[in-house]
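# Descriptive analysis of the structure
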Amino acid sequence: MKLLFFDEFRLGALKRDRVVDLSAAAPRQDALAFGTLGAEAVIEAVITDFASLRPRFEEILAEEDGVPLASVRIRPPLPRPHNVLCAFSNYQDGDAPNRSPLDFFHKGSGAIVGDGDTIQVPNIEDVTVFQAEPEFAYVIGRPAHNVAEADALDYVFGYTNFFDVSARGAQNRRTTFLSKELDTWGPLGPAITTKDEIPDPQNVQMKFWHNGELKQDYNTAAMNNSVARQIAWLSKLLTLQPGDVISCGVHHRGLTPINDGDKIEMEGEGMGRLHLTVRSYGPRKDAHWRPPGVKD
């Protein structure tokens, strides 16, 4: 099932190229009076109680045709998650074997935007290039603390597309704030695809288009640290909660600069396509950047 919010944060599900309204069967609809915080309460309740909610959702999906996807405004499926954690350097990028150690950084909930929204890029003078990294992300389904790697996937609720918008080249910075953590720099969606539809998170094809041109086509099998290993490691340091988003990093080959007016899209196999527009308030930045060991 592909769960999403649409229009004024009505709960729905994708049915091919249509959206079916599930709000009549959704919990916590009273919370929507509180905007995105209320919508987050709704989706967290759905995640927590999904086993009991799913039969009615499936009945509605079988009975209703829904409306065309293009006729509604898609919202982020997780509008204000408590934690958005992003993996550093988690892919085999270069020509030599490289097992990167696990490490993560945090994005604030203000980074979250959804399908059809706009990435805002401020004028940061010493940055040489801005990039949008198309990443495979997962959503935690129940509290996870000191989880064994063998059991870790039992704590996943589903998967989603995630763009880690990044600034390269900033000098003498001691934190990731200016390079990773600004508003609108964590687009995700269009939906949360429940884990039963993605049988192996280590075999998902990820594609990225820049102004209609396919720039990346890589597989999550190239991760240095699997989803299960990430959960086991993180859950020893903090308690992961339902609705937390964890993004797995990116294969850097094929990344391209983004500038004002660009249209970018990504699609994880089986997860729908995420579309964004770029609005930049500074000059074009077209310098190419690649991590050490990557030749193209």
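Residues numbered from 1 in each chain as written. Predicted model: local features only at pLDDT ≥ 70, side-chain atom pairs only at ≥ 80, totals over all residues. Heavy atoms only, no water.

## Some details on the sheet that holds strand β15 (residues 263-268)
Here we have five strands laid out as an open sheet, ordered β8-β16-β15-β12-β13, and mixed in their pairing. Looking at the sheet topology across the chains shown, the edges are occupied by β8 (118-121) and β13 (213-219). Strand after strand, the sheet turns through a mean of 20 degrees between neighbouring axes, direction not considered. Here four bridges tie β8 to strand β16 (residues 273-280), and the two strands are oriented parallel to one another. Note that in β16 the partner of V121 across the bridge is S280. (Pairing = 2+ DSSP bridges. Helix = DSSP H or I, 4+ residues; strand = E, 2+ residues; numbered from the N terminus. Axes fitted to C-alpha atoms, helices over the stretch in contact; angles between N-to-C directions.)

## Digging into the environment of R16
You can see R16 is positioned in the loop between β2 (10-15) and β3 (18-21). Each C-alpha atom of the pair R16 and G272 lies 9.3 Å from the other, and the pair is 256 residues apart in sequence.

## Regarding the state of the cysteines
Under the defined criterion, the tally for this structure stands at zero disulfides. No disulfide involves C86; its sulfur sits 9.6 Å from that of C248, the nearest cysteine. When its relative accessible area of 0% is taken as the criterion, C86 is described as buried. (Disulfide = S-S within 2.5 Å. Buried < 20%, exposed > 50% of the residue type's maximum accessible area, 1.4 Å probe, protein only.)

## Let's talk about the pattern of salt bridges
By the definition in use, this model includes 17 salt bridges. Linking K180 and E133 is a salt bridge whose minimum nitrogen-to-oxygen distance equals 3.3 Å. With K180 in helix α3 (residues 177-180) and E133 in strand β9 (residues 129-140), this residue pair connects regions lying 47 residues apart in the sequence. For K180, a relative accessible area of 8% puts it in the buried group. For D260, the salt bridge identified is with R279, shortest N-O distance 3.2 Å. One end of the pair, D260, is in the loop between β14 (245-247) and β15; the other, R279, is in strand β16, and 19 residues separate them in sequence. Among the residues examined, D260 registers a relative accessible area of 40% and is labelled partly exposed. Take R279: its relative accessible area is 34%, and that puts it in the partly exposed class. A network of salt bridges, in which partner residues are shared, links K107, E133, D164, R168 and K180. (Salt bridge = Lys/Arg side-chain N within 4 Å of Asp/Glu carboxyl O.)

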